Amino acid sequence: MAPMPDFWQEHKTRLRGYIAKRVREHDAVDDILQDVFLKAHTNLHTVKSHGRIAAWLFRIAANAITDHYRSQKPWDELPDELAAPEPERDYVAELAACLQPLIAALPETYRSALVLSELEGLPQKEVAKRLGISLSGAKSRVQRGREKLRRRLLDCCDIETGRSGIIGYEPRDKNCYGSSCG
């Protein structure tokens, strides 16, 4: 393994460029680079393979950049009387509460299979055993129950989805769910 000073000269320029792309303050770049050098010099004995040293150094640099930003204080203190922002609505939790009356309104055949499978989390093989039906029968009931529940939910709500899942909804009919939603 190369001694630290020779090794450091080999990677110093690339590390400085890496840090400079991520930190706006020009003076902080050299300070962070110095921190990386000190941490690397102190812990060089922990690196088992010379081929892994570059990745190890860049990981140290990434952590040092993170530490730099964590140590920054905001320029302006916010006044104490400033109200906290409204928490974002949890649409999934709201709709989950709305599902109870919709599930309760399903025909017993589908409701029992859906409750065992989806709410109690039982494998469909166990659902079949508990209901005294074949595995294909249980799968069919669960799938049909899901579809009936989905249709009822869509009849009651306009649901907006995005990459992260449900991002909003509007009840179509206030009477759809009873008093638990909308």
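Residues numbered from 1 in each chain as written. Predicted model: local features only at pLDDT ≥ 70, side-chain atom pairs only at ≥ 80, totals over all residues. Heavy atoms only, no water.

Moving on: the packing of aromatic side chains. Using the criterion set out here, one finds 1 aromatic pair in the structure. Ring plane angle 90° and centroid distance 5.2 Å describe the contact between Tyr18 and Phe58, whose orientation is recorded as edge-to-face. Residue Tyr18 is found in helix H1 (residues 4-22), and its partner Phe58 is found in helix H3 (residues 53-71); the two are separated by 40 residues along the sequence. (Phe/Tyr/Trp six-rings, centres within 6.5 Å; stacked < 30°, edge-to-face > 60°. Helix = DSSP H or I, 4+ residues; strand = E, 2+ residues; numbered from the N terminus.)

Let us look at the side chain of Gln124. Along the chain, Gln124 falls in helix H6 (residues 124-131). Note on Gln124: relative accessible area 19%, which makes it buried. If we skip the residues at most four places from it in the chain, Gln124 touches Ser117, Leu135, Ala138, Lys139, Val142 and Arg146. (Buried < 20%, exposed > 50% of the residue type's maximum accessible area, 1.4 Å probe, protein only. Contact = heavy atoms within 4.5 Å.)

By the bridge criterion, 6 bridges tie strand E1 (residues 157-162) to strand E2 (residues 165-171) in an arrangement that is antiparallel. Paired with Glu160 across the two strands is Gly168, which belongs to E2. Between the antiparallel neighbours E1 and E2 lie 2 residues. (Pairing = 2+ DSSP bridges.)

The next thing to look at is the packing of helix H4 (residues 91-104) against helix H7 (residues 135-156). Closest axis-to-axis distance for the H4/H7 pair is 10 Å, and the angle between their directions is 115°. Relative to H7, H4 is oriented so that their crossing is right-handed. The residues of H7 that touch H4, namely those facing Leu95, Leu99, Leu102 and Ile103, are Leu149, Arg152, Leu153 and Cys156. For the contact of H4 with H7, the per-class residue count stands at 7 nonpolar, no polar and 1 charged. (Axes fitted to C-alpha atoms, helices over the stretch in contact; angles between N-to-C directions. Left-handed = near helix turned anticlockwise from the far one by under 90°. Nonpolar A, V, L, I, M, F, W, Y, C, P; charged D, E, K, R; others polar.)

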